[in-house]
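Fold and geometry: a report
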Amino acid sequence: MMAGNCQDKNTMQMCKTQKPLKLPRKFSKSCHLHHEQSPLKIVRASYQYMYDDTNSEYLDCVNSVSHIGHCHPAVVEAVSVTMDSVINTCGWEIDYGDLRYPKELHQILPDHLDTFLFCNSGSEAVDLALQLARLYTNGTDAVVIDNAFHGSIGSIHHLSPKVAKSNNITKADWVHIVTMPDLYRGPYQEDDPLAVDRYVADAQDLIDKAQLTGRKIACFIAEPMLTVPGCIIPPSTWLQEMYRMVRETGGLCIADEVQTGLGRVGSHFWSFQAQDVTPDILIMGKPVGNGYPMASVATSRDIAAVLGERIKEYKCTRVMDAVGCAVLEVLQQDQLMDSAAEVGAFLKKELVRLQKKHEYIGDVRGRGLMFGIEIVWSKQSKKPAREIADHIVNRMKEEYVIMANEGNSRNVLMLLPPMCFTQENALLLIQRLDKVFTELPSHRFSRDHATGLPSDSVNTQPAIGVCEGRLGIMQPQLDDDDDSIVSSRDKVELEHAQQSYEDLD
Ligand code: PMP
């Protein structure tokens, strides 16, 4: 049987236990995204753990799409038992009978969000939400938050100022960008008691100006809690005011819950509930399918009606139905939202402790299983320290923990792990983060630009054999005469790229 050619349940089981493919150790560009100097090649994953091509195990702290855990058996089963009912037709309507998933979604949403449209990705769902808002309001324009990300497909990349900026795309005249209410490093900060009012006033100004020039606002689209810009949680009063101002113009409010939904914030199933706002349109992305390519737009019957006959293009398939239900079922059975709240509270307490201990941690934001750790050159200067964030991400990889740095200056360490992330995982993450931060010199140090080597003696070598917990332990091989698999820790010593930084202060 060829690898990956799973034809029935038994062969599928075999596929799962097959030994990893012996791939040549070449790294494509995407492998370099988070670990530029010594990239990782992930070849398989299970729940909150990922495995590289040497079969070393890593704790995954960032892959939010695998919402209930990588390759969760409930989802694998849901897909495999329903794939045989997928029908593609042109000119006939497919009747999948009575579907459960839309009903189950309705039960966990406000009553007015009673109509569910389905597509294959979060970006497509954003595109659909924009179409709905434009058709319903007869408006054209959208209000978005600076640095927001809502997908990158052509029809909507203007809604993602982050994408537009990094690709030098000129802002479209139908997009109005409000300042991100970042109380840590935005123009108005937490020490200003009027900061929120000022952000609101600036947004009102922008909206007024748009209207004065004859623009008609169709919608405001925002993550109720901003993940991609570095886990910025807008003050709830600001978001409530944004909803009020946009509705006053006749526009609709769209909540993008691709990353923040399905219990991630711990206290509520949707982050808009935690912010005390109610959207007209809700966007759900790939986490609803645990990575299976599905997404959904929830809205009212009234708004969805503007699509007319085209509504049929956005039907839930049998596979989506099974997968969506499986994800909701696991979330409920394993009480993953409560777990996110509990583990998140522990993480927050420990991260704040690390923040007090280490000068390079400027801010810790987040809740549930969603955190941003802002890395700065010093607490006082707040100067973004991307180089340190890069270093931490690389060192944590050597400690078998996968993290990523995001945010405008790529200086925010992000934590958005699968929801099965446990307290034990959190403890291990904190211990290793503490270790890696402790290695950093407390004095300023600089890079020798000629050699790329540190000019100070920065001891960033990992202590061999001191990793606690299960991670870093080589996983048992199916074929133990495979000497191509070297100890990851030996590799760490060989590959370790000594770095140092230039304090730009
Ligand atoms: N909105 C947000 C907030 C996202 O983070 C993403 C990407 N994860 C998208 C939309 C687009 O989703 P997709 O990658 O499925 O197109």
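Structure: see above.
Notes on the structure in this doc start here.

How each quantity is defined
- Residues numbered from 1 in each chain as written.
- Predicted model: local features only at pLDDT ≥ 70, side-chain atom pairs only at ≥ 80, totals over all residues.
- Heavy atoms only, no water.
- Helix = DSSP H or I, 4+ residues; strand = E, 2+ residues; numbered from the N terminus.
- Contact = heavy atoms within 4.5 Å.
- Pairing = 2+ DSSP bridges.
- Axes fitted to C-alpha atoms, helices over the stretch in contact; angles between N-to-C directions.
- Near = heavy atom within 4 Å.
- Polar contact = N/O pair within 3.5 Å; in protein donor to acceptor, adjacent residues only side chain to side chain.
- Areas by Shrake-Rupley, 256 points an atom, 1.4 Å probe, with all protein chains shown as cover.
- Nonpolar A, V, L, I, M, F, W, Y, C, P; charged D, E, K, R; others polar.

As for its position among the elements, Val-297 is in strand E10 (residues 295–299). On a C-alpha basis, the gap between Val-297 and Ile-281 in space is 6.8 Å, while along the polypeptide they are 16 residues apart. What Val-297 contacts, discounting residues up to four positions off in sequence, is Thr-115, Phe-116, Leu-117, Ala-125, Leu-128, Leu-132, Ile-281 and Leu-282.

Spatial strand order, E11-E12-E15-E14: four strands in an open sheet with antiparallel pairing. In this open sheet, the two edge strands, each paired with only one partner strand, are strand E11 (361–367) and strand E14 (404–406). When strand polarity is set aside, the average angle formed by the axes of neighbouring strands in this sheet is 30°. Pairing of E14 with strand E15 (residues 412–415) involves three bridges; the strand directions are antiparallel. Within the sheet, the bridge partner assigned to Asn-405 lies in E15 and is Leu-413.

Below, the discussion takes up the site of the ligand. Taken together, the residues surrounding the ligand are Ser-121, Gly-122, Ser-123, Phe-149, His-150, Gly-151, Glu-223, Val-228, Asp-256, Val-258, Gln-259 and Lys-286. One nitrogen or oxygen atom from the main chain of Gly-122 is found 2.8 Å from an oxygen atom belonging to the ligand. Here Lys-286 contributes a side-chain N or O atom positioned 2.9 Å from an oxygen atom of the ligand. For the ligand, the accessible surface in isolation is 390 Å², of which the surrounding protein chains cover 84%. Split into classes, the residues belonging to the shell around the ligand amount to three nonpolar, six polar and three charged.

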